[in-house]
Amino acid sequence: MAPASPQSIGFAVIGAGAFGSNHLRVIRELSAASGHSVRLVAIVESDPARRQALQSDFPQARVFHDIDACLAAHAASQIELHAASVCVPTSAHAAVAGALLQSGIDVLVEKPIAASLAEADALIALAARHQRILQVGHLERFNPAVLAVRPYIHMPMFFEAHRLSIFTPRSLDVDVILDLMVHDLDIVLSLVRSPVHSLQAVGLPVLSRKVDIANVRVEFASGCVANFTASRVSTERVRKLRFFQPHQYVSIDYARQDLLFIDVKPQPGAPDPGSMLSGLAVSKPTVTAGEPLRLEIESFLESVRTRQRPRVTGQEGRAVLALALDINAAIAEHATRAHLDRFV
């Protein structure tokens, strides 16, 4: 029998760095809004100075130095904890999320789900064994432009994804594939829904010891092809996905939450192919603006309340991780073949 749904969700944020700070903000906003029965009861942060500031900023919550202290307080009924966001570095996802799941707590774990497929499998198994919600934080699934485009998907055959960022020391525990490209890998996998047939990849370290810029070509069993470019050493910030399906071109701007469609509508009795241009119809479907993180957390909380399948499951997070690791292997093979050790 599935565990009963809590009437008021006691929530914890594990890791209060760049990602965790935003999770804390959203939980505070939701707890203050009507219709949201969620309470921030715990924060876990390893930095002493940061802990002191957090206790002042969030007096309603207890601030702990590590996950063990938090779970001990939960076990002793000093706090009532039902769900948590895991916003620690990827290398710690398995240990932290695993401890929460074993304690009967539903988990929203930031992307990627874990550092290895074995760790991902262990988390998925724990969630099943303890009948817990395990949602993976692939944020772009909740981008309003992505939500708006889904009803129009019928047979995408070619994707072009660009995700470029200015360099920052954040998230240097992973390469650009697991840091940035993973967002677009997730979206394309969710839209194509076909096994990967083959891939080619090249990547280079530029300002860190890990790959900072990469280009990847993936072909799916359906015949669909996707090109991905990701860089965290760019001079500009770009978040765009374009794709083609029969008689239609679609452009998604993640940052602007914007959609553009160009439909090809051949004119009856057209004398030559050139007249096809007269059949182009440009449109911009309505997109209801919203903050993806808030939509993601709201969706997670709904799954916690209803025990419904989360929007991004552990299995889907694992599939994205598997593709990302295959891409890294292809990059390493290319680097060896091309003698790219000079860039390290």
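Refer to the preceding data block for the structure.
The following paragraphs examine the structure supplied in this document. The structure displayed is predicted, hence computed values, not measured ones.

**As for the layout of surface pockets**
Part 1 of the reasoning: For the largest pocket, the calculated volume is near 670 Å³.
Part 2 of the reasoning: Around the largest pocket, the lining is made up of 28 residues, and of these F19, L139, H183, R237 and R239 lie nearest the centre.
Part 3 of the reasoning: For the lining of the largest pocket, the secondary structure elements donating two or more residues are α1 (18-32), α7 (176-192) and α8 (292-306).
Part 4 of the reasoning: Residue contributions to the lining of the largest pocket peak at 4 residues, all from α1.
Part 5 of the reasoning: Residue composition of the lining of the largest pocket, grouped by class: 10 nonpolar, 8 polar and 10 charged.
Part 6 of the reasoning: By volume, the second largest pocket is sized at about 460 Å³.
Part 7 of the reasoning: Taken together, 28 residues form the lining of the second largest pocket, with F19, C87, V88, P89 and T90 sitting closest to its centre.
Part 8 of the reasoning: Listed by contribution, the elements that provide at least two residues to the lining of the second largest pocket are α1, α4 (93-102) and α7.
Part 9 of the reasoning: For the lining of the second largest pocket, the class distribution of residues is 14 nonpolar, 7 polar and 7 charged.

**Things to note about the sheet that holds strand β13 (residues 258-264)**
Part 1 of the reasoning: Read from one edge to the other, the open sheet built from 8 strands follows the order β8-β9-β10-β7-β11-β12-β13-β14, with strand pairing classed as mixed. Edge positions in the sheet fall to β8 (196-204) and β14 (280-283), since each has one partner strand and no second. If you compare each strand with its neighbour and ignore which way they point, the axes differ by 10 degrees on average.
Part 2 of the reasoning: Two strands pair when backbone bridges link them, and strand β12 (residues 248-253) and β13 are joined in this way by 6 bridges, in the antiparallel orientation. Its bridge partner lying in β13, I252 is registered against L259.
Part 3 of the reasoning: Along the sheet, helix α9 (residues 314-337) makes contact with β8 and β9 (213-220), crossing β8 at roughly 55 degrees.

**Looking at the pairing of strand β11 (residues 238-245)**
Part 1 of the reasoning: Where strand β7 (residues 158-164) meets β11, 7 bridges bridge the pair, whose relative direction is antiparallel. Considered in β11, the bridge of E160 is made with R242.
Part 2 of the reasoning: With 6 bridges connecting them, β11 and β12 associate as antiparallel partners. Across the sheet, the residue bridging to Q245 is Q248, located in β12.
Part 3 of the reasoning: With antiparallel pairing between neighbouring strands as the criterion, β11 and β12 make up a hairpin whose turn holds 2 residues, including H247 at a positive phi of roughly 70 degrees.

**Examining the nonpolar core**
Nonpolar side chains in soluble globular proteins generally cluster together in the buried interior.
Part 1 of the reasoning: If you look at the biggest cluster of nonpolar residues, it comprises 78 residues, and the most contacted ones within it are L100 and I113.
Part 2 of the reasoning: Counting residues per element, this core draws most heavily on α7, which supplies 12 residues.
Part 3 of the reasoning: Beyond its immediate stretch of four places on either side in the chain, I113 contacts H93, A120, L123, I124, L134, V136, G314, G317, R318 and L321.
Part 4 of the reasoning: Formed by 24 residues, the second largest nonpolar core is a distinct cluster that contains F11, C87, L108 and L293.

**As for the sheet that holds strand β3 (residues 62-64)**
Part 1 of the reasoning: Reading across from one edge, β3-β2-β1-β4-β5-β6 is the order of the 6 strands in this open sheet, with parallel pairing throughout. In this open sheet, the two strands that pair with only one neighbour each are β3 and β6 (134-137). On average, each strand axis in the sheet is tilted by 20 degrees relative to the strand beside it, whichever way the strands run.
Part 2 of the reasoning: Strand direction decides the pairing type here: strand β1 (residues 9-14) and strand β2 (residues 38-44), joined by 6 bridges, are parallel.

**A word on the state of the cysteines**
Part 1 of the reasoning: Evaluation of the coordinates by the stated rule reveals 0 disulfides.
Part 2 of the reasoning: Of all cysteine sulfurs, the one in C70 lies closest to C87, which takes part in no disulfide; the gap is 13 Å.

**Quick word on the environment of A148**
Part 1 of the reasoning: Mapped onto the secondary structure, A148 falls in helix α6 (residues 144-149).
Part 2 of the reasoning: Separated by 138 residues in the primary sequence, A148 and T286 place their C-alpha atoms 7.7 Å from one another.
Part 3 of the reasoning: Not counting residues within four places of it along the chain, the set of residues in contact with A148 comprises L259, T286 and V287.

The rules behind the values
- Residues numbered from 1 in each chain as written.
- Predicted model: local features only at pLDDT ≥ 70, side-chain atom pairs only at ≥ 80, totals over all residues.
- Heavy atoms only, no water.
- 1 Å grid on protein atoms, 1.4 Å probe; cavity = no way out; pocket = protein on both sides within 12 Å on 5 of 7 lines; lining within 4 Å.
- Points joined across faces, edges and corners; volume = space filled by probe spheres on them.
- Helix = DSSP H or I, 4+ residues; strand = E, 2+ residues; numbered from the N terminus.
- Nonpolar A, V, L, I, M, F, W, Y, C, P; charged D, E, K, R; others polar.
- Pairing = 2+ DSSP bridges.
- Axes fitted to C-alpha atoms, helices over the stretch in contact; angles between N-to-C directions.
- Contact = heavy atoms within 4.5 Å.
- Core = buried A, V, L, I, M, F, W, Y, C linked by side-chain atoms within 4.5 Å.
- Buried < 20%, exposed > 50% of the residue type's maximum accessible area, 1.4 Å probe, protein only.
- Disulfide = S-S within 2.5 Å.

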